[in-house]
Amino acid sequence: MIFKRYLNEGQLKGFERYKYSSIDNSIFSTKVMHPFWNWCVQFFPRWIAPNLITFTGFLLTIANFLLIGYYDYGFTAVNDKEHPIPRWVWLVASINIFLAYTLDGIDGKQARRTGTSGPLGELFDHGVDSYSAVLIPIYVFSLFGKVELSPLRMHFVTWNVFLNFYLTHFEKYNTGVLFLPWAYDFTMWGVTLTLLVTFLFGTNIWHTPLPGGIAPAFAFEWLLYISGIISSHPFIIYNVYKSYKNKTGKMRPILEALRPLMPFTALFIITTIWVMLSRNDICSMEPRLMFLLFGTIFSNICCRLIVAQMSDTRTEGWNAFFWPLLVAVSISIFPYRYFAMGDIAPATERWLVYVLTSMLTIAHFHYGQGVVREMCRHFKIKCFKIRLPDQQEV
């Protein structure tokens, strides 16, 4: 089990044939960020591996998650005048997220300047990004707290982020082209500036009603929903349609084209049932850990889709992580009282979340390191080290 293989021969052969193809139509990205990243990358020694840059950025994202979580585990600090989040935390978080964003833009450029571009780098980059999709929204939730932005609403906001991220890879699965989303750069700048403004003016600024009496939490929530509908979803549908019309994509049958949506939809349904029907309202008790659990499973689904799209193989329609999740949900929502039994105790359901999150996080990291290890062995490369010319195998 420790050395379980995750990639089959067909997938490894597919990675050998893989050619990166992307389109970036964002003026802000091409005219502002890419020149900035081109300037930054020249300061990196050529012996620094691109994946090491990617991983460093990911560690900064995790550092923010842990730092803010330490001071505001339950999203209550904003309403606790005696134990608020220190101002300096927001400054550190702002710097970290900007550095992570910058490193994410530099890693590919470092790969090209060192001649180490390959499928492992792209897979590694997108794999850690899929985990960041849950970590970054959680930063913002601490600005509003669970009084103004209930855990149920946080759940749907998180799933909106998941949807926008996942559809980009669903699009590539069917078109063979990664259309870089316009909203990404604005989102990362938005989070960076939001955290910086919070450092300068405090969290009270996010609790001052906007014109018309609109709560900032409500505006934030609907801004995310509407921006995805306007800036992402229509273009994804059009790009997939155009690839079929012009016969430039993978030309899969309709059910095969939609197959990536099966595990995504299943996870959404299962997690939403748990959040809404929990006997103890577990999402209000453990919102941070619940979102981390959902994000871990989501990341695993994403990584498997990315493997399938890059290796040009069939993606999975079901994820093995669903089985323990279904068991936990069944235990949590079962109507015990109708069978003359007491409902599940809050402490029991809480421990169920602890155990499940720990177990699936370990399993997901095992999957990630296993895939990386197998690709490194197959391509005879190191993940975090650039092999010098005199070290190349003949």
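Colleague: Let's hear about the overall build of the chain: which residues, and what values?
Modeller: Helices and strands together make up the secondary structure of the chain, namely 15 helices and 2 strands. Its C-alpha atoms give the chain a radius of gyration of 22 Å, near enough to 21 Å, the size a compact globule of 394 residues would have. Across its three principal axes, the chain shows a C-alpha extent of roughly 70 × 55 × 45 Å. Scored against the burial criterion, the 394 residues of the chain give a buried share of 49%. As displayed, the chain offers around 19300 Å² of accessible surface, 69% of which is attributable to carbon and sulfur atoms.

Colleague: I'd like a description of the nonpolar core, backed by residues and values.
Modeller: Judged by nonpolar contacts, the single largest core of 95 residues is most densely connected at Phe141, Trp274, Phe291, Ile297 and Phe298. If you tally residues by element for this core, the top one is helix 13 (residues 287–311), at 16 residues. Not counting the four nearest positions on each side in its chain, isoleucine 297 is found in contact with Leu267, Phe321, Phe322, Leu325 and Leu360.

Colleague: Tell me about the side chain of serine 142, residues and numbers included.
Modeller: Within the secondary structure, serine 142 sits in helix 5 (residues 119–148). At a separation of 2.7 Å, a polar atom in the side chain of serine 142 contacts the side chain of aspartate 72. Side chain to side chain, serine 142 and arginine 288 meet in a polar contact 3.4 Å long.

Colleague: Pulling in residues and values, what's your account of the pattern of salt bridges?
Modeller: In total, this model carries 8 salt bridges according to the counting rule given. Measuring nitrogen to oxygen at the nearest pair gives 2.7 Å for the salt bridge that ties glutamate 286 to arginine 350. With glutamate 286 in the loop between helix 12 (282–285) and helix 13 and arginine 350 in helix 15 (residues 346–379), this residue pair connects regions lying 64 residues apart in the sequence. Using a relative accessible area of 29% as the deciding quantity, one classes arginine 350 as partly exposed. Each of Lys250, Arg252 and Asp312 takes part in salt bridges that share partners, so that together they form one network.

Colleague: Residue-level account of the environment of aspartate 107, with values.
Modeller: Structurally, aspartate 107 can be placed in helix 4 (residues 87–114). Distance in space between the C-alpha atoms of aspartate 107 and asparagine 51 is 6.9 Å, their sequence separation being 56 residues. Excluding its chain neighbours within four sequence positions, the residues that come into contact with aspartate 107 are Pro50, Ile53, Thr54 and Asp125. Within the structure, the side chain of aspartate 107 is placed 2.6 Å from the side chain of threonine 54, a separation counted as a polar contact.

Colleague: Describe the packing of helix 11 (residues 261–277) against helix 14 (residues 322–333), with residues and values.
Modeller: Direction vectors running N to C along helix 11 and helix 14 enclose 25°, while the axes themselves pass 9 Å from each other. Between helix 11 and helix 14, the interaxial angle falls into the category roughly parallel. Handedness of the crossing formed by helix 11 with helix 14: left-handed. Contacts from Pro263, Ala266, Leu267, Ile270, Thr271, Ile273, Trp274 and Leu277 of helix 11 reach helix 14 at Phe322, Leu325, Leu326, Ala328, Val329, Ser332 and Ile333. Considered class by class, the residues forming the contact of helix 11 with helix 14 number 13 nonpolar, 2 polar and no charged.

Colleague: For the environment of glutamate 148, give the residues involved together with the corresponding values.
Modeller: The topology assignment puts glutamate 148 in helix 5. Placed 23 residues apart in sequence, glutamate 148 and aspartate 125 show a C-alpha to C-alpha distance of 34 Å. Setting aside residues up to four positions removed in sequence, glutamate 148 forms contacts with Arg153, Trp206, His207 and Ala217. Within the structure, the side chain of glutamate 148 is placed 2.6 Å from the side chain of histidine 207, a separation counted as a polar contact.

Colleague: Outline a nonpolar patch on the surface, listing residues and values.
Modeller: A surface patch of nonpolar side chains, amounting to about 660 Å² of accessible area, comprises Leu210, Ile214, Phe218, Trp222, Ile226, Ile229 and Ile230. Assignment of secondary structure puts isoleucine 230 in helix 8 (residues 216–231).

Colleague: Give a description of helix 14 that names residues and reports values.
Modeller: Across its 12 residues, helix 14 extends 16 Å between first and last C-alpha, which sits within 8% of the 16 Å expected from 1.5 Å per residue. Every buried residue of helix 14 is listed here: Phe322, Leu325, Ala328, Val329 and Ser332. Along helix 14, the residues classed as buried sweep out an arc of 125° about the axis, all on the same side. Against helix 11, helix 13 and helix 15 lie the buried residues of helix 14.

Colleague: Outline the environment of phenylalanine 44, listing residues and values.
Modeller: Examined against the element boundaries, phenylalanine 44 turns out to sit in the loop between helix 2 (27–41) and helix 3 (50–71). Spatially, the C-alpha atom of phenylalanine 44 lies 43 Å from that of leucine 152, the residues being 108 residues apart in sequence. Discounting residues that sit within four places of it in the chain, phenylalanine 44 has contacts with Ile53, Leu103, Ile106, Gln110 and Arg113.

Colleague: Account for unusual backbone geometry, naming residues and giving values.
Modeller: Positive phi, close to 55°, is recorded for methionine 251, a residue that is not glycine. With respect to the helices, strands and loops of the structure, methionine 251 is situated in the loop between helix 9 (233–245) and helix 10 (254–257). Its identity is not glycine, yet aspartate 281 carries a phi of approximately 50°, on the positive side. Residue position: aspartate 281 is located in the loop between helix 11 and helix 12.

Colleague: So what's going on with the side chain of histidine 364? Which residues, and what values?
Modeller: Structurally, the position occupied by histidine 364 is in helix 15. For histidine 364, a relative accessible area of 6% corresponds to the buried category. Looking at histidine 364, its side chain comes within polar contact range of the side chain of asparagine 300, at 3.0 Å. Histidine 364 has contacts with Tyr131, Thr296, Ser299, Asn300, Cys303 and Phe321, leaving out every residue within four places of it along the chain.

Colleague: Go over the packing of aromatic side chains, please, and point to the residues and values.
Modeller: How two aromatic rings sit relative to each other is given by the distance of their centres and the angle of their planes. Under the criterion given, the structure shown has 37 aromatic pairs. With a centroid separation of 6.3 Å and 55° between ring planes, the pair formed by phenylalanine 55 and phenylalanine 124 is classed as tilted. Here phenylalanine 55 is found in helix 3, whereas its partner phenylalanine 124 is found in helix 5, with 69 residues between them in sequence. With a relative accessible area of 11%, phenylalanine 124 lands in the buried category. Positioned above the aromatic ring of tyrosine 173 is the side chain of arginine 252, whose terminal nitrogen or guanidinium carbon lies 3.8 Å from the ring centre.

The rules we used
- Residues numbered from 1 in each chain as written.
- Predicted model: local features only at pLDDT ≥ 70, side-chain atom pairs only at ≥ 80, totals over all residues.
- Heavy atoms only, no water.
- Helix = DSSP H or I, 4+ residues; strand = E, 2+ residues; numbered from the N terminus.
- Rg over C-alpha atoms; globule rule 2.2 N^0.38 Å.
- Buried < 20%, exposed > 50% of the residue type's maximum accessible area, 1.4 Å probe, protein only.
- Areas by Shrake-Rupley, 256 points an atom, 1.4 Å probe, with all protein chains shown as cover.
- Core = buried A, V, L, I, M, F, W, Y, C linked by side-chain atoms within 4.5 Å.
- Contact = heavy atoms within 4.5 Å.
- Polar contact = N/O pair within 3.5 Å; in protein donor to acceptor, adjacent residues only side chain to side chain.
- Salt bridge = Lys/Arg side-chain N within 4 Å of Asp/Glu carboxyl O.
- Axes fitted to C-alpha atoms, helices over the stretch in contact; angles between N-to-C directions.
- Parallel < 35°, antiparallel > 145°, perpendicular 65-115°, else oblique.
- Left-handed = near helix turned anticlockwise from the far one by under 90°.
- Nonpolar A, V, L, I, M, F, W, Y, C, P; charged D, E, K, R; others polar.
- Patch = residues over 30% accessible without salt bridge, like charges linked within 9 Å, V, L, I, M, F, W, Y side chains within 5 Å.
- Expected span 1.5 Å × (residues − 1).
- Arc of directions from axis to C-beta.
- Phe/Tyr/Trp six-rings, centres within 6.5 Å; stacked < 30°, edge-to-face > 60°.
- Lys NZ or Arg CZ within 6 Å of the ring centre and 35° of its normal.

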